[in-house]
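Chain and residue survey
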Amino acid sequence: ARGNESKLTLKIWAESSQWTFENKWYLLEAEESFSHNDYEVAKLFYKQAISSAKLHKFVHEEALAYELAAYFYLELGEMEQSMEYFLAAHERYHEWGAFGKCNSLFEFVKSSFSPSSIQSDFAPSAIGTDGVVPVMNDRQMMDDENAAWMNFINSVRSTQKDRSSNSED
């Protein structure tokens, strides 16, 4: 009962202040739909949460919505969609400056998607091994990380294609 009351309160807030609360309500609806195995509805609410957070310029909430949607798709076994959402979450967390979150997200993705044979030259954060942030502008850092993520994603996809072609033989 208390959860339903809180959810109703959030919905009222979302209706009175879309800017601030709409994406939160959509994300809550997505997670609830997911927990009730209503996957098609959950997909719609995740997309709405992401769109609303983006529209209202809440980059950190957009990152969270992408991340939770990525876990959702991973649970459904939709690996490619999951990987795309993890990549988008990583980009938004990076844009927000949450480099520690970028590192932990990368480590999770690497352990979830990468067979031990896949090597990646991804540099998971802007902080060097000596603890010093290298002198780079934000655009260079995003370009470097995005290129590394894409290399990682492509190596995973290539391995998955190799496995499926081998299983067909």
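Residues numbered from 1 in each chain as written. Predicted model: local features only at pLDDT ≥ 70, side-chain atom pairs only at ≥ 80, totals over all residues. Heavy atoms only, no water.

This brings us to the overall build of the protein chain. For the protein chain, the helix and strand inventory stands at 7 helices and 0 strands. Secondary structure of the protein chain in N-to-C order comes out as α-α-α-α-α-α-α. For the protein chain, with 169 residues in total, the buried portion stands at 40%. Partitioning the intrachain contacts of the protein chain with sequence separation of at least 6 by distance along the chain shows that 54% fall at a separation of at least 24. (Helix = DSSP H or I, 4+ residues; strand = E, 2+ residues; numbered from the N terminus. Buried < 20%, exposed > 50% of the residue type's maximum accessible area, 1.4 Å probe, protein only. Contact = heavy atoms within 4.5 Å.)

Another aspect to go through is the packing of helix H4 (residues 59-76) against helix H5 (residues 79-96). Packing of H4 against H5 brings their axes to within 8 Å, and their N-to-C directions diverge by 160°. In terms of axis orientation, H4 runs roughly antiparallel to H5. H5 is crossed by H4, and the crossing has left-handed handedness. Here Val59, His60, Glu62, Ala63, Leu64, Tyr66, Glu67, Ala69, Ala70, Tyr71, Tyr73 and Leu74 of H4 lie close against H5, whose contacting residues are Met79, Gln81, Ser82, Tyr85, Phe86, Ala88, Ala89, Arg92, Tyr93, Glu95 and Trp96. When its residues are assigned to classes, the contact of H4 with H5 shows 16 nonpolar, 3 polar and 4 charged. (Axes fitted to C-alpha atoms, helices over the stretch in contact; angles between N-to-C directions. Parallel < 35°, antiparallel > 145°, perpendicular 65-115°, else oblique. Left-handed = near helix turned anticlockwise from the far one by under 90°. Nonpolar A, V, L, I, M, F, W, Y, C, P; charged D, E, K, R; others polar.)

In this section: helix H3 (residues 39-55). An ideal rise of 1.5 Å per residue puts 24 Å on 17 residues; H3 measures up with 24 Å between its terminal C-alpha atoms. The inward-facing, buried residues of H3 abut helix H2 (18-35), H4 and H5. Downstream of H3 by a residue or two, Lys57 has a phi angle that is positive, lying close to 65°. (Expected span 1.5 Å × (residues − 1).)

Once that is clear, we can look at H5. Helix length check: H5, at 18 residues, gives a terminal C-alpha distance of 25 Å against a target of 26 Å (1.5 Å per residue), a fit within 8%. Of the positions making up H5, those classed as buried are Ser82, Met83, Tyr85, Phe86, Leu87, Ala88, Ala89, His90, Arg92, Tyr93 and His94.

Going through the model one piece at a time under the given rule, you end up with 6 salt bridges. The shortest N-O distance in the salt bridge between Glu40 and Lys43 comes to 3.5 Å. Here the residue Glu40 and the residue Lys43 both occupy positions in helix H3, the gap between them amounting to 3 residues, near one helical turn. Look at Glu40 and you get exposed, because its relative accessible area is 54%. A salt bridge links Arg92 to Glu91; the shortest N-O distance between them is 3.2 Å. Under the relative-accessibility criterion, Arg92 is labelled buried at 13%. (Salt bridge = Lys/Arg side-chain N within 4 Å of Asp/Glu carboxyl O.)

Here we take up the environment of Ala65. On the secondary structure map, Ala65 appears in helix H4. Accessibility expressed as a relative area gives 1% for Ala65, which makes it buried. Once the C-alpha coordinates of Ala65 and Ala49 are considered, the two residues, 16 residues apart in sequence, prove to be 6.3 Å apart. Excluding its chain neighbours within four sequence positions, the residues that come into contact with Ala65 are Leu27, Tyr46, Ala49 and Ile50.

Two numbers describe a pair of aromatic rings. These are the distance of the centres and the angle of the planes. Tallying each qualifying case throughout the model produces 14 aromatic pairs. Ring plane angle 70° and centroid distance 5.1 Å describe the contact between Tyr71 and Phe108, whose orientation is recorded as edge-to-face. With a gap of 37 residues between them, Tyr71 in helix H4 and Phe108 in helix H6 (residues 99-113) connect regions that are remote in the sequence. Residue class for Tyr71 comes out partly exposed when judged on its relative accessible area of 28%. Joined through ring pairs, the aromatic side chains of Phe34, Tyr39, Tyr46, Tyr66, Phe72, Tyr73 and Tyr85 make up one cluster. (Phe/Tyr/Trp six-rings, centres within 6.5 Å; stacked < 30°, edge-to-face > 60°.)

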